[in-house]
Amino acid sequence: MSGPVAVATWRFGKGAVEGALKALRDGGTALDAVEAGIRVVEADPEVDSVGLGGAPNSEGVVELDAAMMEGRTLRVGAVAALRDVLHPISVARKVMEETQHVLLVGEGALKFALEHGFRRQDLTTEESRRKWREWKDAHDTIGLVVLDGEGNMAAGCSTSGSAYKLPGRVGDSPIVGAGLYVDDDVGGAAATGRGEDIMRYCSCFLAVEHMRRGLSPQEACLEVVRRIYEREGKVSVYLVALDREGRYGAAGIKKGFPYAVGSEGRSLLLEGAYLVEG
Ligand code: GLY
């Protein structure tokens, strides 16, 4: 069996894998590791697509999507279009652990968070307000998959979604099988990119099923993006995957997908495989 391994999307995923591995070293579970790792990125105002400082919707309001999944039980918790809460990943975990539901949205999700002790705060920053005024595009998700030293896996993702989206728009990240999937028998995957394209192909479920039938994580990610590319062309879809043996991989349709991997106190940035130059 492999030692602990964490794999996450994008350069800022390095902070997430380091946070996840630290949580495991401190005695936490795979779920604790996913939550701790994603919280690092949610709290970073420099990341303009997740949590604090995330790109607002068309009305200038930050609406967050997040989800968490446990590979042993296939339990899932998720929130969508959640406003004013810094750590949607932690609210998603509470939905998983303290309700009989999978997904809470909008006002209901906010009410649930406030009832469970989360504090209300403005998630815009001077920088995000400036960008909103300039109406620039920005679009990335923190997705994280963790394998602990005992074969337990968990996955999570968190995002402010597509920049300047319609209020109420929900992307792939809080949708099980789309933005994330994990099964201890096989492995897990997390996605980033244009949620509308990721969702319609059940991308992360498909990646895990490819691993189940013997593909490596890298081949599984490539197979998913190839399927999407064949019908949609050069859209923005990227996946990371990790299997129960600790093997990992990542791929996008287009070139330019850095991802982070951490193991045994070491973390590094790698480039995902791709189908076309851009
Ligand atoms: N992949 C994040 C989103 O589309 O919302």
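Quick summary incoming for the structure in this document. (Residues numbered from 1 in each chain as written. Predicted model: local features only at pLDDT ≥ 70, side-chain atom pairs only at ≥ 80, totals over all residues. Heavy atoms only, no water.)

Details of the environment of G265
1) Next: Residue position: G265 is located in the loop between β11 (258-263) and β12 (266-271).
2) Next: G265 has contacts with L21 and R25, leaving out every residue within four places of it along the chain. (Helix = DSSP H or I, 4+ residues; strand = E, 2+ residues; numbered from the N terminus. Contact = heavy atoms within 4.5 Å.)

Some thoughts on the nonpolar core
1) Next: In this structure, I142, L144, V146, V237 and L239 are the most contacted members of the largest nonpolar core, which totals 73 residues.
2) Next: Excluding anything up to four places from it in sequence, V146 contacts V5, A6, A20, L24, A30, A33, V34, N152, M153, A154 and L242.
3) Next: Counting 12 residues, the second-largest nonpolar core is a separate cluster that includes A66, A109, A113 and F118. (Core = buried A, V, L, I, M, F, W, Y, C linked by side-chain atoms within 4.5 Å. Buried < 20%, exposed > 50% of the residue type's maximum accessible area, 1.4 Å probe, protein only.)

Focus on a nonpolar patch on the surface
1) Next: A contiguous nonpolar surface patch, about 280 Å² in accessible area, is contributed by V102, L103, V105 and V176.
2) Next: Along the chain, V176 falls in the loop between β6 (153-159) and β7 (180-183).
3) Next: Overall, V176 belongs to the partly exposed group, its relative accessible area being 37%. (Patch = residues over 30% accessible without salt bridge, like charges linked within 9 Å, V, L, I, M, F, W, Y side chains within 5 Å. Areas by Shrake-Rupley, 256 points an atom, 1.4 Å probe, with all protein chains shown as cover. Salt bridge = Lys/Arg side-chain N within 4 Å of Asp/Glu carboxyl O.)

Quick word on the pairing of strand β2 (residues 63-70)
1) Next: For β2, a buried count of 8 out of 8 residues is recorded, marking the element as mostly surrounded by other parts of the structure.
2) Next: Where burial is concerned, the two faces of β2 agree: the one with E63, D65, A67 and M69 and the one with L64, A66, M68 and E70 are both buried.
3) Next: Here 6 bridges tie β2 to strand β3 (residues 76-83), and the two strands are oriented antiparallel to one another. Bridging from a neighbouring strand, M68 pairs with G77 of β3.
4) Next: Here β2 hands over to β3 after 5 residues, with L74 in that stretch at a positive phi of 60°.
5) Next: Pairing of β2 with β6, which is carried by 6 bridges, proceeds in the antiparallel orientation. When the sheet's bridge partners are listed, D65 is paired in β6 with T159. (Pairing = 2+ DSSP bridges.)

What about the packing of aromatic side chains?
In this description, an aromatic ring pair is defined by two values, namely the gap between the centres and the angle between the planes.
1) Next: This model, assessed by the stated rule, comprises 5 aromatic pairs.
2) Next: Between W10 and Y238 the ring centres are 5.2 Å apart and the planes differ by 65°, which places this aromatic pair in the edge-to-face class. Here the residue W10 occupies a position in the loop between β1 (5-9) and α1 (13-25), and Y238 occupies one in strand β9 (residues 237-243), the gap between them amounting to 228 residues.
3) Next: Seen in terms of ring centroids, F257 and Y259 are 6.4 Å apart; in terms of plane orientation they differ by 25°. Their pairing is stacked. Each of the two residues, F257 as well as Y259, counts as buried. (Phe/Tyr/Trp six-rings, centres within 6.5 Å; stacked < 30°, edge-to-face > 60°.)

Remarks on the side chain of S267
1) Next: In this structure, S267 sits in strand β12.
2) Next: Separated by 2.5 Å, the side chains of S267 and E18 make a polar contact.
3) Next: Ignoring sequence-local partners within four residues, the contact set of S267 consists of K14, V17, E18, V261 and G262. (Polar contact = N/O pair within 3.5 Å; in protein donor to acceptor, adjacent residues only side chain to side chain.)

Considerations on the sheet that holds β3
1) Next: Spatial strand order, β4-β3-β2-β6-β5-β1-β11-β12: 8 strands in an open sheet with mixed pairing. What marks the edges here is a single partner per strand, and that holds for β4 (103-105) and β12. Geometrically, the sheet is characterised by an average inter-axis angle of 10° between neighbouring strands, direction not taken into account.
2) Next: With 4 bridges connecting them, β1 and strand β5 (residues 142-147) associate as antiparallel partners. Its bridge partner being in β5, A6 is matched across the sheet by V146. (Axes fitted to C-alpha atoms, helices over the stretch in contact; angles between N-to-C directions.)

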